[in-house]
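These are the residues of each chain, in order.
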Amino acid sequence: MKMFFKGFLPALFLSLFFMVNQASAITLHTLKIEASVEPGEQIVENIKLFNDQEKPLVLYPFTEAFKDSGDESGNPTFVPVDPDLNALPNWVIFNSEVYTIQPGEYLEFPVIINIPKNAEPGGHYGVIFFGTVPQSESRKSGVQLGMKIGVLVIIDVAGDAEEDVSLLSFQTKAEQSLFNHLPVTFETRLQNDGNVHVKPSGVITIRNLFGGVAAEIQFNSQDGNLLPQTKRKYEDIWFKDLQFYDAGAASDSNQSFFDKLQLEWNNFALGYYKASVKMNVGRQTENYLMADTGFWVLPWRVLTIFILGLILLVLLFKVYNYSVMKKAYQKAKKDLAKESKTKE
């Protein structure tokens, strides 16, 4: 069995807190369980929780399935599962129906996942929740009561895995073709028609008008999974230095010319660029997809100041040159006058 346990995941997946007239705090040390297993195999994982508050915390464990939200964001939607279905949430076994954690203490307990021998090959997805209110009460009321925090569970069952990922589009965000400055956001849309999830990886190479490499950025730097039978849009950013970029200020029409001038200078780029993405979407074997897109970066405020400065420099040079020539002419005229008087 090959198993991976990761300590960090996007907050949208893991910070699953719902507060109702209660101020509680839980630290969850096991954030995701991801494993590749054979049918009939068993997974045992210890989950560790810490009670950050000053009173005992009572938690009720339960499971739900998660699926793609359908908006191509990669965000999950959590749904209850019929207990009679052969689905991952029903494979999870807890050693207790309720856990009590004393103030400032850790609680570590095992969670068992029994993979049925007749489990379908491919990806299976669920979440282990710990709530301050029994889930049966929340379901009766129709709203989420108390607080809950979750551990994602992603299981690949061995068998006839179908890998079928296609590249739908690769473009700048909103298909923008002209920018005044960096950053530039690239959108990549993928579709997974297989029965296993994939985690695409690769590089976006950005070349200037002369073919030189201006930058290379990691594709899917957040390690986002593409679930089976879903579409997902990935965003990757080419930036010079994000500390100089304020998206809110950049779009403020009340911002002064010189504020925007500074923004262009701190995020400077100039000319036509071609971005090419090359990504591996295979699991068992490498499977590369490629695409490219082009765009312009014209920092017109910086160019305006540069051109005005150049014009001013030329004018100053002409004035100086005229002054020098005038002085030389006057001197030559005086010398000629002296020479004429001398001859007389």
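Reading guide: rules and limits
- Residues numbered from 1 in each chain as written.
- Predicted model: local features only at pLDDT ≥ 70, side-chain atom pairs only at ≥ 80, totals over all residues.
- Heavy atoms only, no water.
- Helix = DSSP H or I, 4+ residues; strand = E, 2+ residues; numbered from the N terminus.
- Buried < 20%, exposed > 50% of the residue type's maximum accessible area, 1.4 Å probe, protein only.
- Areas by Shrake-Rupley, 256 points an atom, 1.4 Å probe, with all protein chains shown as cover.
- Core = buried A, V, L, I, M, F, W, Y, C linked by side-chain atoms within 4.5 Å.
- Contact = heavy atoms within 4.5 Å.
- Pairing = 2+ DSSP bridges.
- Patch = residues over 30% accessible without salt bridge, like charges linked within 9 Å, V, L, I, M, F, W, Y side chains within 5 Å.
- Salt bridge = Lys/Arg side-chain N within 4 Å of Asp/Glu carboxyl O.
- Lys, Arg positive; Asp, Glu negative; His and termini not counted.
- Charge placed at Lys NZ, Arg CZ, Asp CG, Glu CD.
- Axes fitted to C-alpha atoms, helices over the stretch in contact; angles between N-to-C directions.
- Polar contact = N/O pair within 3.5 Å; in protein donor to acceptor, adjacent residues only side chain to side chain.
- pLDDT = per-residue confidence, 0-100.

## What about the overall build of the protein chain?
On a plain count of helices and strands, the protein chain comes out with 5 helices and 19 strands. A burial count over the protein chain gives 39% of its 344 residues as buried. With the model as given, the accessible surface of the protein chain reaches about 19,800 Å², and the carbon-plus-sulfur share is 54%.

## A look at the nonpolar core
Ile 47, Leu 49, Ile 115, Ile 128, Phe 130 and Ile 155 are the most contacted members of the largest nonpolar core, which has 29 residues in total. Listing elements by their share of this core, those giving two or more residues are β2 (26-28), β3 (32-37), β4 (42-51), β5 (57-68), β8 (99-101), β9 (106-114), β10 (122-131) and β11 (148-157). Broken down by element, the residue count for this core peaks at 5 residues, all from β11. Filtering out sequence-adjacent residues up to four positions away, Ile 115 remains in contact with Val 37, Glu 38, Pro 39, Gly 40, Glu 41, Trp 91, Ile 155 and Val 157. Formed by 25 residues, the second largest nonpolar core is a distinct cluster that contains Leu 182, Ile 204, Ala 275 and Val 297.

## Overview of the pairing of β5
With respect to burial, β5 is a largely interior element, 9 of its 12 residues being buried. Direction of pairing for β5 relative to β8: antiparallel, over a ladder of 3 bridges. In the sheet register, Leu 59 faces β8, and the bridge partner there is Tyr 99. Pairing of β5 with β10 involves 6 bridges; the strand directions are antiparallel. Its bridge partner lying in β10, Pro 61 is registered against Phe 130. Where β5 meets strand β6 (residues 76-79), 4 bridges bridge the pair, whose relative direction is antiparallel.

## As for a negative patch on the surface
Together, Asp 160, Glu 162, Asp 164 and Asp 193 make up a negatively charged patch on the protein surface. Within the secondary structure, Asp 193 is located in the loop between β14 (184-192) and β15 (201-207).

## Let's talk about the sheet that holds β14
Read from one edge of the open sheet, 3 strands run β12-β14-β17, paired in antiparallel fashion. Edge strands, defined here as strands with exactly one partner in the open sheet, are β12 (165-172) and β17 (230-238). In this sheet, neighbouring strand axes are inclined to one another by 20° on average, regardless of whether the strands run parallel or antiparallel.

## Things to note about the side chain of Thr 185
Position of Thr 185 relative to the elements: it lies in strand β14. Not counting chain neighbours up to four residues away, the residues in contact with Thr 185 comprise Gln 171, Thr 172, Lys 173, Glu 235, Asp 236 and Ile 237.

## Some thoughts on unusual backbone geometry
In this structure, Pro 183 follows Leu 182 across a cis peptide bond, with omega equal to 5°. Tracing the sequence through the fold places Pro 183 in the loop between β13 (178-179) and β14. One non-glycine residue, Glu 72, adopts positive backbone phi at about 70°. The phi torsion at Ala 174 lies on the positive side, around 60°, for a residue other than glycine.

## As for the sheet that holds strand β19 (residues 288-297)
As summarised here, the arrangement of the 5 strands in space is β13-β19-β18-β15-β16, forming an open sheet in which the pairing is mixed. This sheet does not close on itself; its edge strands, each paired only once, are β13 and β16 (213-219). Direction of pairing for β15 relative to β16: antiparallel, over a ladder of 6 bridges. Following the sheet pairing, Gly 202 is matched in β16 by Phe 219.

## Looking at a nonpolar patch on the surface
Among the surface-exposed residues, Phe 257, Phe 258, Trp 300, Ile 305, Phe 306, Ile 307, Leu 308, Leu 310, Ile 311, Leu 313, Val 314 and Leu 315 lie close enough to one another that they form a single nonpolar patch of about 1,200 Å² accessible area. Going through the elements one at a time, α4 (257-266) and α5 (300-343) are the ones with two or more residues in the nonpolar patch. Looking at the nonpolar patch element by element, the count peaks at 10 residues for α5. Looking at the element boundaries, Phe 306 is found in helix α5.

## Focus: the side chain of Asp 236
On the secondary structure map, Asp 236 appears in strand β17. No salt bridge is formed by the buried Asp 236; the nearest opposite charge belongs to Arg 232, separated by 9.8 Å. A polar contact of 3.0 Å, which involves the side chain of Asp 236, links it to the backbone nitrogen of Asn 220. The residues contacting Asp 236, other than those within four sequence positions of it, are Val 184, Thr 185, Phe 186, Ile 204, Ile 217, Gln 218, Phe 219, Asn 220 and Ser 221.

## As for the confidence of the model for the protein chain
Taken over all residues, the pLDDT of the protein chain has a mean of 86, while the share at 70 or more is 86%. Contacts from residues 1-24, a stretch scored under 50 in pLDDT, to residues over four places away or in other chains number 58 contacts.

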